[in-house]
Amino acid sequence: MYIYLSILNLLTVWVMMAQLQQGGPDEKEKTTALKDLLSRIDLDELMKKDEPPLEFPDTLEGFEYIFNEKGQLRHIKTGEPFVFNYREDLHRWNQKRYEALGEIITKYVYELLQKECHLKKVTLPVDATESEPKSFIFMSEDALTNPDKMLVLIHGNGVVRAGQWARRLIINEDLDSGTQIPYIKRAIEEGYGVIVLNPNENYIEVEKTKAQVQLSSDSSDEPAEKRERKDKIQKETKKRRDFYEKYRNPQKEKETMQMYIRDNGSPEEHAIYVWDHFISQSAAENVFFVAHSYGGLAFVELMIQREAEVKNKVTAVALTDSVHNVWHQEVGKTIREWMREKCCNWVSSSEPLDTSVESMLPDCPRVSAGTERHELTSWKSFPSIFKFFSEAVEAKNSSVKPTPTRRSNRIKYEEL
């Protein structure tokens, strides 16, 4: 509470300053005195009195949490679900704690992909040198040699990594709803090869040295006068930002720089790279995609860049609440026609699962995922998507289009 009372007092002073500035000479003298008073307050020390160090465990056990037999994250001693507000009135510290736990869970899911799903980790770029930044994907042993079917999984944007749909679901719900593991296990059982993309692993962060920081500020080719004016503006902006940053971020973290991974510097680049070096080289006659949220946009970009190859190789695409936009991405007529025939987008909706949903865009059919929660759409549509794929194979063999709209004989979610 000390920190918030202190901030309240400071806000009171600021209000007084604003009022005084509207008065005469006497008020301006008082304003100057108040400014001098504020300048003597060390906000760093003020904030650090209440915020503990940003140091957290590096294991689930260190956090005193474990996944139970139902795949739910529970406290080892109390059996309670994860508590975000571990320390009251310290939102930033709680957020950093949550993020630290999220990084541990990312590694935990990687282990499950290898141990439970028996996928192998493949380094990208394929010809990476020892010293350059690297990414990776996961794939089944038969991913490139399976002559029949391949399933490709692409998650959305943000903090999620390979094997995840939503970190929030993994922490607050369970592994089944938040990870791609149910898709992978079902696909392997039904004879698919599997490739799991990692589209958000685009760069590594390294700490900046003083020389690098200085170089970045002195590397301009602009005329001296223009650079001086620009530097003055930047200094004023930095001064204001740093002032408020003392409230938001009293424990200043290390300054880092991003080193992008060659040919994998964005989700779109990553999807194209994996297509060129793996999917297009595979033996599978039928390739299927499941792409969630921004993953749908990455797939559409892949279609734009590799239209003929994708049309020749891909049998069906299941999108889950995809954020692609055929107008903004300037998708051509031939691709839109192909998407109407081969794709289906399971969107967040209050309607029952597989109910047709109207679309304002002329691309693929949209049906309800049976949930209004964006992050749950991949999990709730899980049974319908595999049925859609089976129908797509049948349609390909009989030249009859699959029907992605609501079916009376659809697999019930509870039957899984």
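Now for a description of the structure that goes with this document. (Residues numbered from 1 in each chain as written. Predicted model: local features only at pLDDT ≥ 70, side-chain atom pairs only at ≥ 80, totals over all residues. Heavy atoms only, no water.)

**Regarding the packing of helix α7 (residues 181–189) against helix α15 (residues 382–398)**
Phase 1: It is at 11 Å that the axes of α7 and α15 come closest, and there the two elements cross at 35°. Every pair of crossing elements has a handedness; the one defined by α7 and α15 is right-handed. Of α15, the residues touching α7 (which contributes P182, Y183, R186 and A187) are F382, I385 and F386. (Axes fitted to C-alpha atoms, helices over the stretch in contact; angles between N-to-C directions. Helix = DSSP H or I, 4+ residues; strand = E, 2+ residues; numbered from the N terminus. Left-handed = near helix turned anticlockwise from the far one by under 90°. Contact = heavy atoms within 4.5 Å.)

**So, the packing of aromatic side chains**
Centre-to-centre distance and the angle between the planes together describe a pair of aromatic rings.
Phase 1: With the rule as written, the count across this model stands at 22 aromatic pairs.
Phase 2: Aromatic pair Y110 and F138: ring centres 5.5 Å apart, planes at 35°, arrangement tilted. Here F138 lies in strand β4 (residues 135–139) and Y110 lies in helix α4 (residues 91–115), a separation of 28 residues in the sequence. In terms of burial, Y110 and F138 fall into one category: buried.
Phase 3: Ring plane angle 75° and centroid distance 5.6 Å describe the contact between W165 and Y183, whose orientation is recorded as edge-to-face. Here W165 is found in the loop between β5 (149–154) and α5 (167–172), whereas its partner Y183 is found in helix α7, with 18 residues between them in sequence. Y183 carries the same exposure label as W165, and that label is buried.
Phase 4: A network of ring pairs unites the aromatic residues W165, Y183, Y192, F288, W346, W379, F382, F386, F388 and F389 as a single cluster. (Phe/Tyr/Trp six-rings, centres within 6.5 Å; stacked < 30°, edge-to-face > 60°. Buried < 20%, exposed > 50% of the residue type's maximum accessible area, 1.4 Å probe, protein only.)

**Here's the deal with the environment of Y183**
Phase 1: For Y183, a relative accessible area of 1% translates into the label buried.
Phase 2: Expressed as a C-alpha distance, the spacing of Y183 and I385, which sit 202 residues apart in the sequence, is 9.7 Å.
Phase 3: Look past the residues within four positions of Y183 in its chain and what remains in contact with it is L151, L153, W165, V290, S378, S381, F382, I385 and F386.

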